[in-house]
Amino acid sequence: MVLVLTQLSGCLTILKTSQAEAKITHHLDNLVVMETSRSLTKYDKMLNFEICKTFYKNYRDVFDVLLIISNVPRDKFEDGEVGYYGKMSLVRNDELGTGVGIFDYGDWYYSEEALRGVMHLPSRNFLGSGPTLHEFMHLWVLDRQVIPTVIEGHWGFGCVHGQLGGIDLKNLVELGEDRFAAGLFGLNANFGNSLPYAPLELNLAGWITEGYLGC
């Protein structure tokens, strides 16, 4: 089963795997059931195109993000069949001055103007636990360097300490001889949805415009 959630509120869509092209089979208030042509155990951009095509035949192009969630069994992660926890595919950017170039792949996703990104999570469990917030932040930080980092699109050893990784300065301890301890942190993520966005991440998304932003 796959869930498609438009932005933070809106239409919720469940899709079932079958051999047919993606098609809607049921409408239940804000719940829509589709049949899809292939399994969704792995990231499949072509199937995302197919899902979006069906979606936009039935709904207006007013959503910023479509979120597709596969109901992959837990044992598929344990045996290594699924090698990722989430992915954001950028669709368009028309804002100057953000450090991201202007681009528009909307035709591929059957969106004429509104859609900015399509997120795919391989398990419904990740909606609450993460990396949902992490992937949303990739709408603004994906392939541009905001600060020097060892991992493109993430904070690495930077002191941002947000959804895209980075250390917490409160835990930084100098050990001498150019050695430091920084407590628990990740180079590309921090503790799923349990950690709020860092001030710098909020600023990049345009949710705050002033105040303390990090290091």
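The structure under discussion appears in the preceding block.
Just so it is clear, the structure is predicted and the values come from calculations on it, not from any experiment. (Residues numbered from 1 in each chain as written. Predicted model: local features only at pLDDT ≥ 70, side-chain atom pairs only at ≥ 80, totals over all residues. Heavy atoms only, no water.)

### Some remarks on unusual backbone geometry
The amide bond that connects Gly130 to the next residue, Pro131, takes the cis arrangement and shows omega of 20°. Along the polypeptide, Pro131 turns up in the loop between α4 (126-129) and α5 (132-137). For Tyr110, which is not glycine, the phi torsion reads 65° and is therefore positive. Residue Glu177 is not a glycine yet carries a positive backbone phi of 55°. (Helix = DSSP H or I, 4+ residues; strand = E, 2+ residues; numbered from the N terminus.)

### What to know about the nonpolar core
With 28 residues, the main nonpolar core has Met88, Phe136, Met137, Leu139, Trp140, Val141 and Trp155 as its most contacted residues. Mapped onto this core, the elements with two or more residues apiece are β5 (65-70), β6 (87-90), β9 (117-121), α5 and α6 (199-204). Here the element with the most residues in this core is β5; it accounts for 3 residues. Judged by nonpolar contacts, the second largest core, of 16 residues, contains Leu47, Tyr56, Tyr59 and Ile68. (Core = buried A, V, L, I, M, F, W, Y, C linked by side-chain atoms within 4.5 Å. Buried < 20%, exposed > 50% of the residue type's maximum accessible area, 1.4 Å probe, protein only.)

### Thoughts on empty space enclosed by the protein
One pass over the structure, following the stated rule, counts 1 cavity of 30 Å³ or more. Approximately 30 Å³ is the volume attributed to the largest cavity. Lining the largest cavity, in full, are Val141, Arg144, Gln145, Val146, Ile147, Thr149, Gly153, His154 and Trp155. For the lining of the largest cavity, the class distribution of residues is 4 nonpolar, 4 polar and 1 charged. (1 Å grid on protein atoms, 1.4 Å probe; cavity = no way out; pocket = protein on both sides within 12 Å on 5 of 7 lines; lining within 4 Å. Points joined across faces, edges and corners; volume = space filled by probe spheres on them. Nonpolar A, V, L, I, M, F, W, Y, C, P; charged D, E, K, R; others polar.)

### Looking at the packing of aromatic side chains
One pass over the full model with this rule turns up 11 aromatic pairs. Each member of the aromatic cluster is reached from another via a ring pair, and the members are Phe49, Phe103, Tyr105, Trp108 and Tyr109. (Phe/Tyr/Trp six-rings, centres within 6.5 Å; stacked < 30°, edge-to-face > 60°.)

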